[in-house]
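# Coordinate analysis (summary)
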Amino acid sequence: MGRTATAERVVLGKGRNSRRALFADTHHPCLGSECTLPYSAAGGKQSVNRQALDELKQQIPLLDYLQAQDWQPVRPLSGGRWMGLCPLHADRKPSFLVDAGKSLFYCYGCGRGGDVIRFAEIYHDVKFRQALVLLRQWRGLAPLLQQATDFYRMQLHRHTEAVAYLQQRGVRSPELIEHMRIGYAPGGGCLRAWLIESGYPLSALRQAGLATSFGYDAYVHRIVFPLEGNLYGRSLSAAAPPHRFLPSPKGGLYAWEQARRYPEVILVEGLFDYAVLWQSGFHNVTCAMGTHLNARQFQQLCDSPRTVYLSFDADSNGSGQQASQQLAHRLQAHGILTRRIVLPAGHDPNSFFVEGGDAAQFQSLLEAAQP
Ligand SMILES: [Zn+2]
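I will try to describe carefully the structure that is included in this document.

The rules we used
- Residues numbered from 1 in each chain as written.
- Predicted model: local features only at pLDDT ≥ 70, side-chain atom pairs only at ≥ 80, totals over all residues.
- Heavy atoms only, no water.
- Donors = N, O, S within 2.8 Å, 3.2 Å for Na, K, Ca; no water.
- Tetrahedral: all angles 85-135°; square planar, octahedral: opposite > 155°, others 65-115°.
- Helix = DSSP H or I, 4+ residues; strand = E, 2+ residues; numbered from the N terminus.
- Core = buried A, V, L, I, M, F, W, Y, C linked by side-chain atoms within 4.5 Å.
- Buried < 20%, exposed > 50% of the residue type's maximum accessible area, 1.4 Å probe, protein only.
- Polar contact = N/O pair within 3.5 Å; in protein donor to acceptor, adjacent residues only side chain to side chain.
- Pairing = 2+ DSSP bridges.
- Salt bridge = Lys/Arg side-chain N within 4 Å of Asp/Glu carboxyl O.
- Expected span 1.5 Å × (residues − 1).
- Arc of directions from axis to C-beta.
- Contact = heavy atoms within 4.5 Å.

A word on the coordination of the zinc ion. Around the zinc ion, the protein contributes the donor atoms Cys-86 (SG), His-89 (ND1), Cys-107 (SG) and Cys-110 (SG), at 2.1 to 2.3 Å from the metal centre. Its 4 donor atoms give the zinc ion angles of 98 to 124° at the centre, a pattern that matches the tetrahedral case. Between consecutive donor residues of the zinc ion, the sequence gaps follow C-x2-H-x17-C-x2-C. In this pair, Cys-86 sits in the loop between strand E4 (81-84) and strand E5 (96-99) while Cys-110 sits in the loop between strand E6 (104-107) and strand E7 (113-114), placing the two residues 24 residues apart along the sequence.

The next subject is the nonpolar core. If you look at the biggest cluster of nonpolar residues, it comprises 38 residues, and the most contacted ones within it are Ile-223, Ile-266 and Phe-362. Contributions of two or more residues to this core are made by helix H7 (160-168), helix H8 (174-180), strand E9 (222-227), strand E12 (264-268), helix H12 (271-279), strand E13 (285-287), helix H15 (349-354) and helix H16 (359-367). Counting residues in each nonpolar core, the second largest holds 25 residues, with Leu-62, Val-98, Ile-117 and Ala-120 among its members.

Most of helix H5 (residues 116-124) sits inside the fold, with 9 of its 9 residues counted as buried. Residues of H5 that are buried include every one of Val-116, Ile-117, Arg-118, Phe-119, Ala-120, Glu-121, Ile-122, Tyr-123 and His-124, and no others. Between the side-chain oxygen of the N-cap and the backbone nitrogen of Ile-117 there are 3.1 Å, and the N-cap of H5 in question is Asp-115. Directly after H5, the chain includes Asp-125, whose backbone phi takes a positive value near 55°.

Ordered in space as E3-E4-E5-E6-E7, the 5 strands form an open sheet in which the pairing is antiparallel. Both outer strands of the open sheet, strand E3 (75-77) and E7, are each paired with one neighbouring strand and no more. Judged from the 2 bridges that link them, E6 and E7 form a sheet pairing that is antiparallel. Within the sheet, the bridge partner assigned to Tyr-106 lies in E7 and is Gly-113.

Throughout the structure, instances matching the rule amount to 9 salt bridges. The shortest N-O distance in the salt bridge between Arg-260 and Asp-303 comes to 3.5 Å. Of this pair, Arg-260 sits in the loop between helix H11 (256-259) and E12 while Asp-303 sits in the loop between helix H13 (295-301) and strand E14 (307-311); the two residues are 43 residues apart in sequence, bridging distant segments of the chain. Of the residues examined, Asp-303 reaches a relative accessible area of 29% and is grouped as partly exposed. One salt-bridge network, in which partners are shared between bridges, spans Glu-257, Arg-260, Asp-303 and Arg-306.

The first and last C-alpha atoms of helix H14 (residues 319-333) sit 21 Å apart over 15 residues, in line with the 21 Å expected at 1.5 Å per residue. Along H14, the residues that are buried comprise Gly-320, Ala-323, Ser-324, Leu-327, Ala-328 and Leu-331. For H14, the angular spread of buried residues about the axis comes to 140°, placing them on one side. In H14, the exposed positions that point more than 90 degrees away from the buried face belong to His-329 and Ala-333. Next to the buried residues of H14 lie E12, H13, E14 and strand E15 (337-340). Positioned one or two residues after H14, Gly-335 has a phi angle of 80°, which is positive.

Remember, this is a structural readout, not a statement about activity or role.
Put into structure tokens, the structure is as follows:
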């Protein structure tokens, strides 16, 4: 996509009744409507079956895909169109137009637009073919994970041990449980039975990692948090490994669409750290699910000028502090300001709040954070 093409699109966007022209012009370059023959993917080496692409796009409505990435429409326009903040650039006022009927988007801020494939390319920063792979994976996994999430959420309040564990970790507010869509995996074969009854073959469950090779539920006695294309399960039992993910990528930063709107962002290690901070009113918090950020998470933190407050565990062996120091250096090299929050020895944000810390005290730690 050349600069000229982008400029033309912005001009088109200013005209009245330019909606058709606008969208007609913002198709992926590979998806031109005049194109009748199977066309080449970017790079031109392998041809892509046009019919398969049309099917893929039909199966993944853009609005569904956007919402699965945490995008929220801010205001409705006529004709099933929506405006919202642009997930592709640091947007302060809603510039992102989505035509749900046509499954097309256009951003008045960064001038980019197109279909779900184009969106996936830009959003995940991948080439055309890789975007197709990601979308196909998502198409296969998303409905299954949604069903599993719904099932786990129904179980949460039926199991006193799950609610007691959440209490013990400081998770109390119903708004927080709703916001994080927290569920509970009782184990045995109940998820399997539920999903098979819903029409999924056992092979699909095994492939997704929801069932073991023996056909049992993979998540047993675990609090479950849905992530982007994955599920995090925290074991209630000390006998099992504490953390469990499905064998797919852990995805981007947790709830990034909410956190990225703030000029100052708090980055924590674990979802229970995230939970207590969010519950105490710090909505500018995000979580990397570990101290090691994947490339996408790192790129998200750098997507706009901001200050990142790092709040990793203050372990006795210093590994959390070492990780946070290394990350601070890498972020600074990309022009991001960083501050390191110093928690009392042996604490993480979760234990800090669980053992009586409050929002005002954490705010003082934020203010005292060191560069
Ligand atoms: Zn934009």
